[in-house]
Amino acid sequence: MSTARKKSPETEVIDQGVGRSRPARAGSGSHREAADKHRHELLAAMLLIRRFEERCVELYSASKIRGFVHLYIGEEAVAVGVTQALGPADAVVSTYREHGHALARGVPAEAVLAEMYGKASGCSRGRGGSMHLFDTGRRFYGGNAIVAGGLPVAAGLALAEKLRGTTNVVCCFFGDGAFAEGEFHETANLAALWNLPLLLACENNLYAMGTPLAAEHAQTDLAMRASSYGMPAWSVDGMDVLAVEQAAHRAVDGIRAGHGPHFLELRTYRFRAHSMYDPDRYRDKAEIERWRSRDPLTVLSTLMRTLGELNDEEYAEMERTAAETVGRAEAYAEEAPLEPAADLQRFVHSENQVGRHGDDNECQQPQEHGNDVPGGVARRDA
């Protein structure tokens, strides 16, 4: 394998702020209609994540969901915008704040909520819970509870794609806290050195748990620091889904063209505390309200209303659809079975019968779990 790095036309740090991603209204009627439809889809996707997370708060308070829960409220534009640039053959590695990533990737809400309930029909058979959502059929590889823990995994997946000679991209979401960990710098260095097809999507929400960004990093321009590894890197308004989508397409296009890893600093904000256990005493309420004025749902819906693409009836229909989806997921999770005690020792060791080199035994593939989930957690053939 050649480790020579194919340079991008430029290695840069660009501040891409709100408004620069606005699609032009000029052009054919069909183009405008397609853009209108797409913005509706983006808004609906963000609204589903918001209403799903809000219901999770209520279910957690009712002790239906146990353990740690980290909500994605306020950051919806990042997951929805970035995943627009990814195809079904691309891979996604996430953090412990991954409900939004999973839903944006297409994991059914039923499978996600059943997992959070600890039910056997959850996307991880109920064994992972909120922080360990996993769906190999959709190439969604966690849900990783360790800060920065997904980064080396993503590098390995990207190396595998390079060795296989594909044009697939691996996208790794992580937070600003992970940027301070050695795993980030090791991953960034190797990805640049080996020219790996890796998108490093840093969700900078200004706090590593309760530690402010400026109290943890001497230099808070994370995109500039990432560019020191020789990869294209720029910051994006993470509250504007259209800006995020445009930046993600640009980065993914560069990666597929062979220009190696790209880094996006997605400047966003979580409206809720770090986790459901967090009293959230380290942030000023005025700061939270300032960021709420940039709510990603409001940013997009206001634009659509200005363009005459959205009215009250259409938005109400989106709300009804999101509520119905969340309601079906809750009903499914309530009725789903717990894993039988007899299965508790399953999967401690692999159940695959993999023949050694030279054996005549055929390699048996595992049965994809979750085909009974509404919406399908079905195997996708490579």
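Small disclaimer: the values here were computed from a predicted structure and weren't measured.

Caption draft 1: How the structure looks around the packing of helix H2 (residues 76–83) against helix H9 (residues 241–256). Between H2 and H9, the least distance of the axes is 7 Å, while the angle of their chain directions is 35 degrees. The handedness of the crossing between H2 and H9 is right-handed. Contact residues: Ala77, Val78, Val80, Gly81 and Val82 in H2; Val241, Val244, Glu245 and Ala248 in H9. Its residues placed into classes, the contact of H2 with H9 shows 7 nonpolar, 1 polar and 1 charged.

Caption draft 2: Spatial organisation of the confidence of the model for the chain. Summarising the model, the chain shows a mean pLDDT of 86, and 85% of its residues fall at 70 or more. This model gives residues 1–26 a pLDDT under 50, and the stretch forms 78 contacts once residues within four places in sequence are excluded. Segment residues 356–382 is flagged for pLDDT under 50; beyond a separation of four residues in sequence, or across chains, it makes 50 contacts in the model.

Caption draft 3: Inspection of the pattern of salt bridges at higher detail. Scanning all chains against the criterion turns up 23 salt bridges. In this structure, Arg50 and Asp295 form a salt bridge, with 3.0 Å as the shortest nitrogen-oxygen distance. One end of the pair, Arg50, is in helix H1 (residues 29–61); the other, Asp295, is in the loop between helix H10 (285–292) and helix H11 (296–306), with 245 residues separating them in the sequence. Here the two residues Arg50 and Asp295 agree in accessibility, since each one is buried. Its salt-bridge partner being Asp312, residue Arg305 comes within 2.9 Å of it at the nearest N-O pair. One connected set of salt bridges, linked through shared partners, spans Arg50, Glu76 and Asp295.

Caption draft 4: Summary view of the packing of aromatic side chains. The full count for this structure, using the stated rule, is 8 aromatic pairs. Put simply, the rings of Phe174, Phe179, Phe184 and Phe263 pair up and form one aromatic cluster. The cationic tip of Arg250 hangs over the ring face of Trp234; the distance from NZ or CZ to the ring centre is 4.1 Å. A cation sits over an aromatic face here: Arg305 above Tyr315, 6.0 Å from the ring centre.

Caption draft 5: Just the pairing of strand E4 (residues 198–204), in detail. In terms of burial, E4 is a largely internal element, 7 of the 7 residues being buried. Judged by which residues are buried, E4 turns out to be covered on both faces: Leu198, Leu200, Cys202 and Asn204 on one side and Leu199, Ala201 and Glu203 on the other are all buried. As judged from the 6 bridges shared by strand E3 (residues 170–175) and E4, these two strands associate in the parallel manner. Residue Phe174 lies in a different strand from E4, and its bridge partner there is Cys202. For the segment spanning E3, helix H6 (residues 182–193) and E4, crossover handedness is right-handed. In the sheet, E4 pairs with strand E8 (residues 262–267) via 6 bridges, with the strands oriented parallel. Bridge pairing links Glu203 to Leu266 in E8.

Caption draft 6: Quick peek at unusual backbone geometry. Gly142 connects to Gly143 through a cis peptide bond whose omega is 20 degrees. With respect to the helices and strands, the residue Gly143 is situated in the loop between helix H4 (109–116) and helix H5 (150–164). The phi dihedral of Asn195 is positive, around 55 degrees, even though this residue is not glycine. Tracing the backbone shows Asn195 in the loop between H6 and E4. Classification of Asn195 by relative accessible area gives buried; the value is 10%. The backbone of Phe347 shows a phi angle near 70 degrees, a positive value even though the residue is not glycine. Within the secondary structure, Phe347 sits in the segment after helix H12 (312–335).

Conventions we followed
- Residues numbered from 1 in each chain as written.
- Predicted model: local features only at pLDDT ≥ 70, side-chain atom pairs only at ≥ 80, totals over all residues.
- Heavy atoms only, no water.
- Axes fitted to C-alpha atoms, helices over the stretch in contact; angles between N-to-C directions.
- Helix = DSSP H or I, 4+ residues; strand = E, 2+ residues; numbered from the N terminus.
- Left-handed = near helix turned anticlockwise from the far one by under 90°.
- Contact = heavy atoms within 4.5 Å.
- Nonpolar A, V, L, I, M, F, W, Y, C, P; charged D, E, K, R; others polar.
- pLDDT = per-residue confidence, 0-100.
- Salt bridge = Lys/Arg side-chain N within 4 Å of Asp/Glu carboxyl O.
- Buried < 20%, exposed > 50% of the residue type's maximum accessible area, 1.4 Å probe, protein only.
- Phe/Tyr/Trp six-rings, centres within 6.5 Å; stacked < 30°, edge-to-face > 60°.
- Lys NZ or Arg CZ within 6 Å of the ring centre and 35° of its normal.
- Pairing = 2+ DSSP bridges.
- Right-handed = clockwise from strand over helix to strand, strands pointing away.

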